Amino acid sequence: METGNTPVTYSIGLKLLKHVFGMYCIAAICITLFQAWDDYDSSKNRIALRIAEQQPLVQDGLENAVWHLDSELVDSLLKGLLTQAAITGVRVYDVDGSVLAESGQMPQSGSEHRLSNQLQHNFSLYDPNTEAGLSADKIAEVVFYSNNDVLIREVKGSLIVLLLAALVKTAILWSLFIYFGRKLLSSPLNVLTSKVKSLPLDKSPENQAVTRPMNELEILEFAIEEMQHKLDETLQQLHNANDKLSSMNTHLSRAVEQSPSISAIISHAGEIIYCSPSFELQTGYDKDQAGTFFARQVFTKFPLEQVSRDLNHSHPGDASDARELQIRTLSGTKRFLSVTFSRVQIGSASVTNLLFTANDITAIKLMSQRLEKTNQEQEKIIDQLVNAKGMLLESEKMASLGQLAAGVAHEINNPIGYIASNSSALQDYVKELTLLLDSYQSLEEELSEQAADQIRTLKQQIDYDFIRNDIHNLMDDTREGIRRITDIVKDLLTYSRSGEKEYCYQDIHQGLESTLNMVWNELKYKLDLKREYGDLPEISCMISQLNQVFMNMLVNAGHAVEGNGTLVIRTRQQGDEVCIQFADDGVGIEPENIPKLFDPFFTTKPVGSGTGLGLSVSAGIIKEHNGRIEVASTPGQGSCFSIWLPVHQVRENAPPGSREIVDEPVS
């Protein structure tokens, strides 16, 4: 029923009070009319009094003017009287009744007798020359007139005030009657009606909204009847909802019992209130052992107090993040569970219990572990491919550099041969010319004095004695320089044998010396070199590759030394192996970096100062030679790299335990 607030005109308070208020209104009207009449009468008396007050002011003047028949003075006096608001007209009569003078508004003919005495004032004029004590003769009659307009102007304001006061009092009293009537009677009834209508009952579609106005009692009666009808329908709906809820609870209970997920309700004290049947299937523990299971395998990893505190600060319906839990079943089998905790809250009450939910993720976990292992293996393969690629690029780079160096050395070798041959012939020519000059010098005494003086003067000019002695030194230095260039070209050709693919027996000392000749210009300003060579046999190797290893060792030693240092190269034979050691007194290597020294692209040098491939390539070459590299280092004292190589290389297809070698040393 849609009724809203009861209109004022239909309020029960108004109906109860309108009769009382009606009597008051009649009495108020009568009192107001009486007050208006009294004010009207008082106003007429006041007007008459004001008119009469003008008589003494003009009587003497009028008597003199009339007696002397001074019409101008009479008119002037009459016009002066008309300036008074209460006087609208003045007329002067002769003793015989004729009009001597008049001014202002006069009453119409025949209506003068209808004027109230209070709206006019009459007085007589007497002879002004009569002596005192004698009876004066009447010479004229004067009448002052006023009309209803003056009276209306007089009473208009007071009448309006009386009317407005009556209306205001009536409105105030009416509002007070309505206010207290609604407050003391209508409001309690409306409140009661609103409470009845606000009951949480479904609205019946059969009830029609009432549109006719009703007072509070009728609305309350209608609301109670509607509430009764609603209660009947609500009870029926509750019965139907209860049946549906029972059916839903049955289905929900079966769903929880048949779900593979573990569900448990736990009190804050750790008591297991409920466990789903899947708990026993997943863990092997029965419901009586659930407390032991949770205490030993769940709450040890997820403390109950911490879980409760976290959930107390969460929003209703929020669950904790899924967490991984490893358990052991009663039979000892390892399982992995994904567990969550959530609040069990009733209404606005605080957390009472906790809901534990767990799903078996053992298969997913094992698959993840296998996948992780596969990924690690793939990462190793990728690293190996990257290393192989780096070594291949470095090998190709070194091969290209070797070919370029071989070509340059070959091109230099031919002119150096010409220069060496010519310098040898030139040295012989110089010796012969020196013998010839010595013979000429022995004949100088036989020359004339003038010719001898010319020759001596020429010798002094060209500094003959110095040239004769220095030319042999120059030839010796030239031959030494040519020899050194020849050795460098030879070492370069030896180092750059990029096409060398077969093992052959080579002298390690010769390889070391040729490599030193290549890099010594870079090292001689930083290192003092000490050679401690032992007796080594020729070993089966690819000397060009070993020279590359030796160069990497020498360059690294030069980089490791700050300022001036010492590099000791030692060689020795031990059984079927030879050892080549490079020991420096540089900055050394930190212990944690030693296992990573031979990893591709690992370097301890500043960014841009090294590729990190030198030692990696060296380790690959030594490994191909069936050898090994050992590192010993002390930070701040230096490092020692020991290269161990077999004297003989075993064939790849030789049977195990055999000593078949790749090549025999040349005798």
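The text that follows walks through the structure, step by step, so that each part is easy to find. (Residues numbered from 1 in each chain as written. Predicted model: local features only at pLDDT ≥ 70, side-chain atom pairs only at ≥ 80, totals over all residues. Heavy atoms only, no water.)

1. Quick notes on the overall build of the protein
If you tally the helices and strands in the protein, you get 14 helices and 16 strands. When the 667 residues of the protein are sorted by exposure, 33% land in the buried category. Long-range contacts, defined as pairs at least 24 residues apart, comprise 65% of the intrachain contacts of the protein with a sequence gap of at least 6. Here the protein displays about 41,400 Å² of accessible surface, and carbon together with sulfur accounts for 55% of that area. (Helix = DSSP H or I, 4+ residues; strand = E, 2+ residues; numbered from the N terminus. Buried < 20%, exposed > 50% of the residue type's maximum accessible area, 1.4 Å probe, protein only. Contact = heavy atoms within 4.5 Å. Areas by Shrake-Rupley, 256 points an atom, 1.4 Å probe, with all protein chains shown as cover.)

2. Side note on the packing of helix H2 (residues 55–67) against helix H3 (residues 71–81)
Closest axis-to-axis distance for the H2/H3 pair is 9 Å, and the angle between their directions is 155°. Accordingly, the angle class assigned to the pair H2 and H3 is roughly antiparallel. Seen from above, H2 lies across H3 with left-handed handedness. Across the interface between the two elements, Val58, Gly61, Leu62, Ala65 and Val66 from H2 touch Leu73, Val74, Leu77, Leu78 and Leu81 from H3. Residue composition of the contact of H2 with H3, grouped by class: nine nonpolar, one polar and no charged. (Axes fitted to C-alpha atoms, helices over the stretch in contact; angles between N-to-C directions. Parallel < 35°, antiparallel > 145°, perpendicular 65-115°, else oblique. Left-handed = near helix turned anticlockwise from the far one by under 90°. Nonpolar A, V, L, I, M, F, W, Y, C, P; charged D, E, K, R; others polar.)

3. As for the sheet that holds strand E3 (residues 120–126)
One open sheet holds the four strands; their spatial order is E2-E1-E4-E3, and the pairing between them is antiparallel. Each edge of the open sheet is held by one strand with a lone partner, namely strand E2 (99–104) and E3. Within this sheet the neighbouring strands show an average axis-to-axis angle of 15°, counted without direction. In this sheet, strand E4 (residues 138–145) lies alongside strand E1 (residues 89–94) in antiparallel orientation, the contact comprising six bridges. Note on E4: the bridge partner recorded for Val92 is Val142. Packing against the sheet, H2 makes contact with E1, E2, E3 and E4, and its axis sits at approximately 45° to E3. Relative to the sheet, H3 contacts E1, E2 and E4, its axis offset from that of E2 by approximately 35°. (Pairing = 2+ DSSP bridges.)

4. Looking at helix H13 (residues 543–560)
In an α-helix, one turn spans 3.6 residues, which is why side chains three or four residues apart end up on the same side. Here H13 contains 18 residues, and its C-alpha end-to-end distance of 25 Å stays within 8% of the 26 Å for a straight helix at 1.5 Å per residue. A large share of H13 lies buried, amounting to 16 of its 18 residues. (Expected span 1.5 Å × (residues − 1).)

5. A closer look at the pattern of salt bridges
All told, the structure shown has 10 salt bridges when counted by the stated rule. With a closest N to O distance of 2.2 Å, Arg456 and Asp453 form a salt bridge. Placement of both Arg456 and Asp453 in helix H10 (residues 449–462) is noted, with a separation of three residues, approximately one turn of the helix. The exposure class assigned to Asp453 is partly exposed, which follows from its relative accessible area of 33%. Glu577 is paired through a salt bridge with Arg628; the nearest N and O atoms lie 2.9 Å apart. Of the two residues, Glu577 sits in strand E14 (residues 577–584) while Arg628 sits in strand E15 (residues 628–634), which places them 51 residues apart along the sequence. Note on Arg628: relative accessible area 36%, which makes it partly exposed. (Salt bridge = Lys/Arg side-chain N within 4 Å of Asp/Glu carboxyl O.)

6. Some thoughts on the packing of H13 against helix H14 (residues 614–624)
At their nearest, the axes of H13 and H14 sit 9 Å apart, and the two run at 145° to each other. Along this stretch, H13 crosses H14, giving a crossing that reads as left-handed. Across the interface between the two elements, Gln545, Leu546, Gln548, Val549, Asn552, Met553 and Asn556 from H13 touch Gly614, Leu615, Val617, Ser618, Ile621, Ile622 and Glu624 from H14. Residue composition of the contact of H13 with H14, by class: seven nonpolar, six polar and one charged.

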